[in-house]
Amino acid sequence: MTTKQRVVRVCTERPTYAVCVLGTEISLDVSGCIPKGATHFGVQGTAGLRIALIYDPKFVTESTGALRWPLKSGVEVIVSMNRPSSAVNDNKVRVSYYGPTGEILANALLYLTFVAISLNADTNRNGVVQTNSTNKKKWTWGPNGKGAVLLVNCDRDGPSFGNMDSAYSHVRSQEDLQDMSLVILTTEGPAGVFENHKLLLQVSVSDASKLRVFHDGGNASLSSYKPVLGPDKLSYTVDVSGGGKQQRSFFVEGLAFPDAGFEGLLYLNATLLEASGQNSLDTPVFSDTVVFRVAPWIMTPNTMKPLEVFVCSFEKQSLPNKSFVEAVRTLAKEANCKLTVCPKEENWGDQWIQDEMEFGYMEAPHKLFPVVFDSPRNRDLDAYVKKFLGPDFGYVTREPKNQSDVSDLDSFGNLDVSPPVTVEGKEYPLGRILIGNSLPGALEGAGSRKMSQVVRDFLYAQKVQSPVELYSDWLSVGHVDEFLTFVPAPDRKGFRLLLASPFACYKLFKEKQSEGYGDVLLESSNKERKKTIDEILKNKTYYRDNTYAQKCIDWNRCILKRKLGLSEGDIIDIPQLFTLNWSRAEAAFPNMVNMLVLGKHLGIPKPFGPIIDGQCCLEAEVRSLLEPLGLTCTFINDFFFYHVDQGEVHCGTNVRREPFSFHWWNIVP
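These numbers come from a predicted model, not from an experiment.

**Focus on the nonpolar core**
Turning to step 1, where the next piece is worked out: Leu 201, Leu 268, Leu 459 and Trp 664 are the most contacted members of the largest nonpolar core, which totals 86 residues.
Turning to step 2, where the next piece is worked out: Setting aside chain neighbours within four positions, we find Leu 459 in contact with Trp 297, Phe 373, Leu 415, Ile 433, Ile 435, Met 451 and Pro 467.

So, in structure tokens, the structure goes:
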């Protein structure tokens with residue numbers, strides 16, 4: 001399909017010369033040099049030229065016979081060609097001007113040279129660069145969408161030292177090229193045609209800081225890949241001497257993820273310019289454009305297959321957490337996934353590996369690799385997270401300008417993602433990100449905490465997992481994993497949402513009291529003195545604290561049902577009690593919802609609840625709720641090493657999971 005891109009004015013005093021690009025139309029201005037007395041005009045061209053005359057039949061009667069057309073009647077002359085020229089000026093158009101009696105008053109000659117110029121990328125998203133694509137200038141979403149994808153080169157395929165590959169303005173290895181997107185510039189035309197023209201590869205000022213382009217010099221050495229566009233260079237003159245058909249390969253490297261002020265779209269242009277003279281600027285003749293969308297960072301939910309579990313080995317009061325590590329190792333083995341233990345020499349006693357990082361991934365049609373998101377909490381595990389940067393393993397972080405702006409809500413126990421959901425007919429095939437904040441409308445500086453704006457901006461900008469904001473500031477630590485998690489299920493939506501529930505715990509304890517077990521102790525109910533079921537149920541302060549906690553959880557329950565399209569049948573209430581400490585809640589006993597999910601194998605904090613008929617009634621209740629779903633419940637003792645420091649099993653572990661098989665570009669946001 002041709003598009004009208006250029007107007008050429010003919011002249012009766014001297015021939016006009018023009019270089020034109022295949023795929024574009026030339027609109028001839030035949031009115032600028034009308035000789036005196038002329039009333040009509042005619043157009044003729046050499047063989048192969050396509051000449052079309054556009055007119056309104058209301059005002060112009062179609063020409064017949066001598067093919068003469070009335071001047072100043074709105075007739076438009078369009079010229080195009082479907083093959084490149086074999087020689088310079090090998091196509092000619094003659095415009096003849098006629099007087100009232102049919103005599104020729106003057107002729108205007110136009111000599112045309114046609115060249116082919118095409119900039120192409122993988123716009124069909126099948127891993128192959130398409131030639132002469134017609135769908136490259138606009139990026140569209142959905143299974144029928146078109147447009148190229150660009151990865152952020154945030155791994156390190158080069159030498160094992162230094163920063164990520166995108167930090168360097170040279171290609172560091174052959175593997176480095178695989179993280180870039182191939183673009184092919186094709187030109188065809190006669191030798192000498194570009195003596196008065198030049199071909200530029202260009203990016204805008206705003207895009208230049210977010211990409212880099214390397215020109216393939218044609219041999220296997222890394223030095224042959226010349227950086228031609230990027231943060232320090234907006235244009236590159238392509239050598240098109242020699243004529244004939246030529247193809248040049250370029251590799252485009254992404255330097256920035258979508259973020260605040262950057263939607264993720266980047267434009268690469270090939271522009272043909274005509275030299276205008278020594279003291280004049282060159283004028284554009286033609287431009288071809290390829291638009292890329294930078295691939296987003298994507299989280300994976302608990303329902304995705306676990307690949308690798310991480311846990312820290314450390315000591316507390318000279319006691320190692322060996323039994324906890326071994327319990328996680330056994331669970332990982334049952335789930336058939338790898339276990340990686342971060343040694344105490346690398347974690348420096350910071351056991352909260354869930355809070356320090358979140359594993360996700362990035363995908364293009366030709367490449368996919370994991371990317372770890374390093375939280376801005378910047379505690380003793382920070383150096384360990386940076387060690388993940390390596391071949392086909394990316395790294396990204398976002399930090400406020402002032403570290404004093406970082407709160408507990410910036411730890412990634414406060415970051416989760418739902419399984420795929422459908423909400424009022426709208427599909428979220430990659431789930432929705434969940435983050436905890438203060439209540440809507442909470443005053444800044446009034447004791448409320450929020451996730452840092454830079455982290456929130458980054459999560460929202462990825463676009464494919466539209467975030468949902470919950471209320472977590474009612475908790476002392478303030479993380480969403482303290483009151484919710486997701487587990488796989490064989491029915492309904494393929495999962496269940498588990499919510500911590502004080503009322504479910506009170507209901508269970510009242511049942512046990514009515515059965516005559518009111519005098520049984522809750523082993524972990526108090527650090528100073530254990531309490532019986534009767535004492536818990538009659539304690540008004542305890543009940544008031546948990547009524548408050550339940551209201552906060554119910555607030556989130558309503559949000560989750562509305563934003564994730566859930567019904568009550570999709571939710572399971574897990575018994576849990578809280579106590580208030582300076583107006584914020586803490587788990588009264590190990591928080592069972594803060595669990596490790598490895599497929600059907602669950603690592604649940606051991607609650608040390610009342611022992612009735614030889615078993616913990618809290619454990620028995622949870623088994624009765626989850627085992628019918630085909631889940632296996634393993635209760636892990638985390639009391640001394642985690643619970644007393646306001647964390648649990650999930651806080652002390654992390655999981656890298658299998659990516660979605662669904663391609664993010666097939667989403668309709």
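**A closer look at the pairing of strand S37 (residues 578-581)**
Turning to step 1, where the next piece is worked out: Pairing of S37 with strand S38 (residues 584-587) involves four bridges; the strand directions are antiparallel. The residue bridging Leu 580 from the neighbouring strand is Ala 585, located in S38.
Turning to step 2, where the next piece is worked out: What sits between the antiparallel neighbours S37 and S38 is a turn of two residues, in which Trp 582 has the positive phi angle 55°.

**Overview of the side chain of His 601**
Turning to step 1, where the next piece is worked out: With respect to the element layout, His 601 can be found in strand S40 (residues 601-605).
Turning to step 2, where the next piece is worked out: At 3.3 Å, the side chain of His 601 forms a polar contact with the backbone oxygen of Glu 334.
Turning to step 3, where the next piece is worked out: Beyond its immediate stretch of four places on either side in the chain, His 601 contacts Leu 331, Glu 334, Ala 335, Leu 596 and Thr 632.

**Concerning helix H7 (residues 453-461)**
Residues spaced three or four apart along an α-helix face the same direction, because each turn holds 3.6 residues.
Turning to step 1, where the next piece is worked out: Listing the buried residues of H7 in full gives Val 455, Arg 456, Phe 458, Leu 459 and Ala 461.
Turning to step 2, where the next piece is worked out: The secondary structure elements touched by the buried residues of H7 are strand S25 (367-374), strand S26 (394-397), strand S27 (415-417), strand S30 (433-437) and strand S31 (468-471).

**Topic: the pairing of S25**
Turning to step 1, where the next piece is worked out: Most of S25 is tucked away: seven of the eight residues are buried.
Turning to step 2, where the next piece is worked out: Judged from the eight bridges that link them, strand S24 (residues 357-364) and S25 form a sheet pairing that is antiparallel. What sits directly across from Met 362, in S25, is Phe 369.
Turning to step 3, where the next piece is worked out: Connecting S24 to the next strand, S25, in antiparallel fashion are two residues.
Turning to step 4, where the next piece is worked out: Note: S25 against S26, four bridges, orientation parallel. Residue pairing in the sheet places Phe 373 in a bridge with Val 396 of S26.

Here is what the cut-offs are and how they apply
Residues numbered from 1 in each chain as written. Predicted model: local features only at pLDDT ≥ 70, side-chain atom pairs only at ≥ 80, totals over all residues. Heavy atoms only, no water. Core = buried A, V, L, I, M, F, W, Y, C linked by side-chain atoms within 4.5 Å. Buried < 20%, exposed > 50% of the residue type's maximum accessible area, 1.4 Å probe, protein only. Contact = heavy atoms within 4.5 Å. Pairing = 2+ DSSP bridges. Helix = DSSP H or I, 4+ residues; strand = E, 2+ residues; numbered from the N terminus. Polar contact = N/O pair within 3.5 Å; in protein donor to acceptor, adjacent residues only side chain to side chain.

Interpretation in functional terms is not warranted from these geometric data alone.
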